Amino acid sequence: MNHIATRFITTIMLLMASMNVIAQDRTVDMNFNGQLVSAVEELKEKMSADSDLKGRKLRLGKFSANNLPDSSFEVQFETGFRELAKDLLDENSELIISGEFDFVPGQASENKDLQVIQVVLKVVNRQRRVLQTITREINNSADIARITGTTIAPPDDKEVKKRNDEVRRAFEDPAFTVRDKSRIQAKGNAHYAVEILRSEGGTGPFEPVVPRSVNGMAFVDLSIEDTFVIVPYSFDNTCDASVSVSIDGLDVLNAFNADDIKYEGYLVPRASGNTPGSHVIPGWLRTTKTAENNVFQFVINELGKGAATARKSRSSRGVINVQFFEAVPVGQHLCSRSFGEVGTGEPLDVAYEVKEMQRRETPVVNIAIRYSNVP
């Protein structure tokens, strides 16, 4: 039976963890979710104080990364904004809100000497005059790797700048390694790998796809109507792994999840001798409460095949992103590392089996795999 590991942390634990990070690093952790919440709050405040905008609604425009052609995070950016700002939106408004993001040197004083994801929200009127602008910076290395689609095993170092520099270098000079012909790994870390199994046209047997290097990035050849599964592997004998998977920025566990629960990751068991632990992920999770029709299959050119809210892919190149977090059952101890807090899970009695785990807050590996959406 497949297992999904989930994690719930109290507000007090989160606040204590944040305080510890600030005390150790003297750098405020600016992650994507927190910065987007902050940006939307500022937008609401500015609209309330602006006589031209007070009491008015906005029409959702495009969310893009024109200077990051190998990123595929636009959908997640737009989806996150839409949820947070839903009370501000109206399709009939003549005012447009759009978003852009890029990977640039930090401008905020907290981000001096760091490379960050800069997010810019703009409100324009019918004449395209900019009425309001909100800017935020993301310095969280794990989020930077996920947003840019960078394969990396960050250094085991608590210093934010060292981790940030490694992500920047991996982005500028991408590389990966291959194990057993088709299993993709990050350079410098042999503990974790990801393999894509493809069914041609959705009717043939699932067979491993041998990755190609395209400008140093892992690329798998998939065609329109092909279905596929994602298989993360752990070759580590010391602890299990909790794996977060996204496709074109959408969380595989939660994008189409009807359980009203946010799941944190799939459980990949630790290796046993020379046999790696693995977890076959066949599609987007619909529910853990039944074993029948509870997953929407992965199919090229459509996100969430079979779901009422299925979305067409937006670009000709997509990104499958897999983050590995070290995890152990409650009561066991994670190996000592210089970075990352530990979160404790909570057991849930559901048919799919949600298992209580302790998971490190910071991923040890980020693997990005690109694929084509064109025939």
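**Topic: the overall build of the protein chain**
Okay, step 1: When its secondary structure is counted, the protein chain shows 5 helices and 24 strands.
Okay, step 2: Sorting the 375 residues of the protein chain into buried and exposed places 52% on the buried side.
Okay, step 3: In the protein chain, once contacts between residues fewer than 6 apart in sequence are set aside, the share between residues at least 24 apart is 70%.
Okay, step 4: With an accessible surface of roughly 17,700 Å², the protein chain has 47% of that area assigned to carbon and sulfur atoms.

**Some thoughts on the confidence of the model for the protein chain**
Okay, step 1: On average, residues of the protein chain score 84 in pLDDT, and 83% of them are at 70 or above.
Okay, step 2: Counting contacts from residues 1-25, a segment whose pLDDT is below 50, to residues more than four positions away or on other chains yields 62 contacts.
Okay, step 3: Contacts of residues 341-351 to residues separated by more than four positions or lying in other chains number 44 contacts, the stretch itself having pLDDT below 50.

**Comments concerning the packing of helix α4 (residues 141-148) against helix α5 (residues 160-172)**
Okay, step 1: Close contact between α4 and α5 brings their axes to 9 Å; oriented N to C, the two are set at 15 degrees. For the element pair α4 / α5, the angle class is roughly parallel. Note on packing geometry: the crossing formed by α4 with α5 is right-handed. Two secondary-structure elements touch here, α4 through Ser 141, Ile 144, Ala 145 and Thr 148 and α5 through Arg 163, Asn 164, Val 167 and Phe 171.

**Focus on the pairing of strand β11 (residues 217-220)**
Okay, step 1: Residue alternation in β11 divides its side chains into two sets, Met 217 and Phe 219 and Ala 218 and Val 220, and both sets are buried.
Okay, step 2: In this sheet, β11 lies alongside strand β10 (residues 212-214) in antiparallel orientation, the contact comprising 3 bridges. Opposite Val 214, over in β11, you have Met 217 as the bridge partner.
Okay, step 3: Counting the residues between successive antiparallel strands, the hairpin from β10 to β11 contains 2 residues, one of them, Asn 215, with a positive phi of roughly 55 degrees.
Okay, step 4: In terms of strand pairing, β11 meets strand β24 (residues 365-372) through 3 bridges, oriented parallel. Looking across to β24, one finds that Phe 219 is bridged to Arg 370.

**A look at the environment of Thr 275**
Okay, step 1: Within the secondary structure layout, Thr 275 lies in the loop between β15 (265-268) and β16 (277-278).
Okay, step 2: Between the alpha carbons of Thr 275 and Ser 234 there is a distance of 9.1 Å; along the sequence they are 41 residues apart.

**Focus: the environment of Ile 184**
Okay, step 1: Mapped onto the elements of the fold, Ile 184 is located in strand β7 (residues 183-185).
Okay, step 2: Residue class for Ile 184 comes out buried when judged on its relative accessible area of 1%.
Okay, step 3: In this structure the C-alpha to C-alpha distance between Ile 184 and Phe 219, which are 35 residues apart in sequence, comes to 9.9 Å.

**Describing the pattern of salt bridges**
Okay, step 1: Evaluated as defined, the whole model comprises 19 salt bridges.
Okay, step 2: Lys 161 is the partner of Asp 165 in a salt bridge, and the nearest nitrogen-oxygen pair spans 2.8 Å. Taken as a pair, Asp 165 and Lys 161 lie in helix α5 at a separation of 4 residues, close to a single helical turn.
Okay, step 3: Judged by relative accessible area, Asp 165 falls into the buried class, the value being 13%.
Okay, step 4: Here Arg 198 makes a salt bridge to Asp 226, at a shortest N to O gap of 2.5 Å. You can see Arg 198 sitting in strand β8 (residues 192-199) and its partner Asp 226 sitting in the loop between β11 and β12 (227-234), a full 28 residues away along the chain.
Okay, step 5: We classify Arg 198 as partly exposed; its relative accessible area is 24%.
Okay, step 6: Note on Asp 226: relative accessible area 2%, which makes it buried.
Okay, step 7: Through salt bridges with shared partners, a single ionic network connects Lys 161, Asp 165, Arg 168 and Glu 172.

Reading the values: the criteria
- Residues numbered from 1 in each chain as written.
- Predicted model: local features only at pLDDT ≥ 70, side-chain atom pairs only at ≥ 80, totals over all residues.
- Heavy atoms only, no water.
- Helix = DSSP H or I, 4+ residues; strand = E, 2+ residues; numbered from the N terminus.
- Buried < 20%, exposed > 50% of the residue type's maximum accessible area, 1.4 Å probe, protein only.
- Contact = heavy atoms within 4.5 Å.
- Areas by Shrake-Rupley, 256 points an atom, 1.4 Å probe, with all protein chains shown as cover.
- pLDDT = per-residue confidence, 0-100.
- Axes fitted to C-alpha atoms, helices over the stretch in contact; angles between N-to-C directions.
- Parallel < 35°, antiparallel > 145°, perpendicular 65-115°, else oblique.
- Left-handed = near helix turned anticlockwise from the far one by under 90°.
- Pairing = 2+ DSSP bridges.
- Salt bridge = Lys/Arg side-chain N within 4 Å of Asp/Glu carboxyl O.

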